[in-house]
Amino acid sequence: MNNKNRKTDIVIIGCGVAGLYCALHLPKDKQIVIVSKDEFERSDSFLAQGGICVLRDEADYDSYYEDTMKAGHYENNPRSVELMIRSSQEVIGDLIACGAEFEKDENGYVYTREGAHSRPRILFHEDETGKEITSKLLATARKLQNVTLIEHYTMVDLLTKDNVCYGIVGHDKDGVYSTITADYTVLATGGIGGLYEHSTNFRHLTGDALAVALRHDIKLQNIDYIQIHPTTLYQEKPGRKFLISESVRGEGAILLNSKGERFVDELLPRDVVTQAIRKEMKREGTKHVWLSLAPIPEEEIRNHFPNIYAKCLEAGYDITKEPIPVVPAQHYFMGGVAVDEYSKTSMDRLYAVGETACNGVHGKNRLASNSLLESLVFAKRAAGQIAEGYITLDEEKERQVLSKPGIREKATYAGYAEQYKKAVLAAIEKEKDYHEQYQYDVERG
Ligand SMILES: Cc1cc2nc3c(=O)[nH]c(=O)nc-3n(C[C@H](O)[C@H](O)[C@H](O)COP(=O)(O)OP(=O)(O)OC[C@H]3O[C@@H](n4cnc5c(N)ncnc54)[C@H](O)[C@@H]3O)c2cc1C
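Note that the coordinates shown come from a computational prediction; the quantities given were computed from them, not determined experimentally. (Residues numbered from 1 in each chain as written. Predicted model: local features only at pLDDT ≥ 70, side-chain atom pairs only at ≥ 80, totals over all residues.)

### Remarks on helix α5 (residues 208-215)
Of all 8 residues that make up α5, 6 are buried, and the element is covered over most of its length. Of all the positions in α5, only Asp208, Ala209, Leu210, Ala211, Val212 and Ala213 are classed as buried. Where the residues of α5 are buried, they touch β8 (154-161), β10 (177-187), β11 (220-221), β16 (336-338), β17 (350-352) and α12 (416-443). After α5 finishes, the residue Asp217 shows a positive phi value of roughly 55 degrees. (Buried ≥ 20, exposed ≤ 12 C-beta atoms within 10 Å, placed from the backbone. Helix = DSSP H or I, 4+ residues; strand = E, 2+ residues; numbered from the N terminus. Contact = placed C-beta atoms within 7 Å.)

Dropping the structure here:
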């Protein structure tokens, strides 16, 4: 064994809201290792702008439930939706206890609205809600004696035998391979935007959990359900696309074609608005449409959207004075590693939480600002189940798994990044064909 190999109680792959929040709810007498492919602060959780949904009061339950189901084309798992909504106040309470702050006025918390929400029910912190929440969770995790955080460590495989997970194989930034054995493994690797040319996601988020799941026959679900965000800033330069949050439209911004005409109700669900923009771009032969913030008072723009204001100014647009060019881009992944209501995968001792997991809560299309909440709710449920049924690994079997030839050798994984990307994209195409055939069969009765 090289001296980089580790043995811990629980290993979590990913340091966004899902991975961190899961760690915070695991027993304090268990050793936890959290690894992150890049810097801790470079997760999509830090990018979330709009906010986080919460059930404001009992009177809003039915309408929040219906909005989530309707946005998801009623393909959502009703139990997951119920669990998410019912747990939302508790989760917000935890976040506030960790030091997260949300916008308030003299009457208490202020709630904003985004597309397809029939009522304002979104808490926010300026236009950097994700950074506010995730930085506070990270600071809390850093203070815990039982949590070890490792940056620039990339998981490339799972250690498995007879459908039981024994931990992971990965490499550091110098390409040195090692294993981390653990009683329980939690995949929290986020989305898949890095697989696409145009995406709002960090480029290093390439669906690695899906690739390792494919390698080990772990069940996946709805992996062709990929959300395109209707409004990202149109720029010629390659790289991550800058998101113009839906709450900008929620506060009154309007979409215009090249002639300055409105062509869609801006508050329809994301997939519907995206389709309308694409149709308009095709009809006019343009590379983008325009988003005008003219209906929003200047002070409101500066106070509620300071980050968007600054980023657009950097790109040469003053959003208080002129419209900005916007284009749809890959944004969110509704499908993922299939999990039950405790985030358990089809493999023993393996959990998946956050955007990389699919518990069916979003159905075919996610309702805006439900994803931070969903990640948190189901990460806590995973931690609860691990704690409750904790059983230490069989050491003899662990030794057998670790003695597999070539398990930590670089040569075993030569070219893995390209192969994984191809495998995941091919699996997405296959799932798309399956869904199309299914739809065709349903329509033909
Ligand atoms: C621009 C933008 C705006 C958004 N706005 C909102 C919003 O307003 N409200 C809302 O609810 N949601 C929003 N979302 C979605 C939300 O931010 C994400 O769904 C959520 O943060 C996902 O959290 P996560 O913990 O699952 O993944 P992430 O936060 O993406 O974290 C993934 C982690 O996994 C690590 N990782 C990945 N692969 C590996 C590997 N092979 N080995 C080791 N580590 C690995 C990464 O380094 C990272 O630490 C937004 C997303 C984007 C991109």
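### Quick word on the sheet that holds β16
With mixed pairing, the 3 strands of this open sheet are ordered in space as β11-β16-β18. Lying at the two open borders of the sheet, with one neighbouring strand each, are β11 and β18 (357-358). Across 2 bridges, β16 lies against β18 in parallel orientation. Opposite Val337, over in β18, you have Ala357 as the bridge partner. Contacting β11 and β16, α5 crosses the sheet at an angle of about 45 degrees to β16. (Pairing = 2+ DSSP bridges. Axes fitted to C-alpha atoms, helices over the stretch in contact; angles between N-to-C directions.)

### Focus: the packing of α5 against α12
Helices that pack against each other are described as a pair by the angle of their axes relative to one another and the distance between those axes. Their axes nearest at 9 Å, the elements α5 and α12 cross at an angle of 80 degrees. Classified by the angle their axes make, α5 and α12 are roughly perpendicular. Facing α5, whose interface residues are Asp208, Leu210, Ala211 and Leu214, α12 presents Tyr420, Ala423, Val424 and Ala427. (Parallel < 35°, antiparallel > 145°, perpendicular 65-115°, else oblique.)

### Quick word on the domain arrangement of the protein chain
With domains assigned, the protein chain is organised as domain 1 (6-225 + 334-430) and domain 2 (231-329). Taken over C-alpha atoms, the centre of domain 1 sits 29 Å from the centre of domain 2. Taken together, the contact between domain 1 and domain 2 spans 22 residues of the former and 22 residues of the latter. Partitioned by chemical class, the residues of the side of domain 1 that touches domain 2 number 6 nonpolar, 10 polar and 6 charged. (Domains from an automatic or database assignment. Nonpolar A, V, L, I, M, F, W, Y, C, P; charged D, E, K, R; others polar.)

### With respect to helix α1 (residues 17-24)
The buried fraction of α1 is high, at 7 of 8 residues. Listed in full, the buried residues belonging to α1 are Val17, Ala18, Gly19, Leu20, Tyr21, Cys22 and Ala23. On its buried face, α1 is in contact with β1 (6-13), β2 (32-35), α4 (129-143), β7 (147-150), β10 and α10 (371-388).

### Considering the packing of α1 against α4
Two numbers describe how α1 lies on α4: the axes approach to 10 Å, and their chain directions differ by 40 degrees. Relative to α4, the element α1 lies oblique. As α1 runs across α4, the sense of the crossing is left-handed. Across from Val17, Leu20, Tyr21, Ala23 and Leu24 in α1, the residues of α4 making contact are Ile133, Thr134, Leu137, Leu138, Thr140 and Ala141. Looking at the contact of α1 with α4 residue by residue, the class counts come to 9 nonpolar, 2 polar and no charged. (Left-handed = near helix turned anticlockwise from the far one by under 90°.)

### Describing the site of the ligand
The full set close to the ligand counts 42 residues, and Gly14, Gly16, Gly50, Gly190 and Gly354 are the nearest of them. Counting residues per element, the ones that place at least two in the shell around the ligand are α1, α4, β8 and α10. Considered class by class, the residues forming the shell around the ligand number 14 nonpolar, 23 polar and 5 charged. (Near = placed C-beta within 6 Å.)

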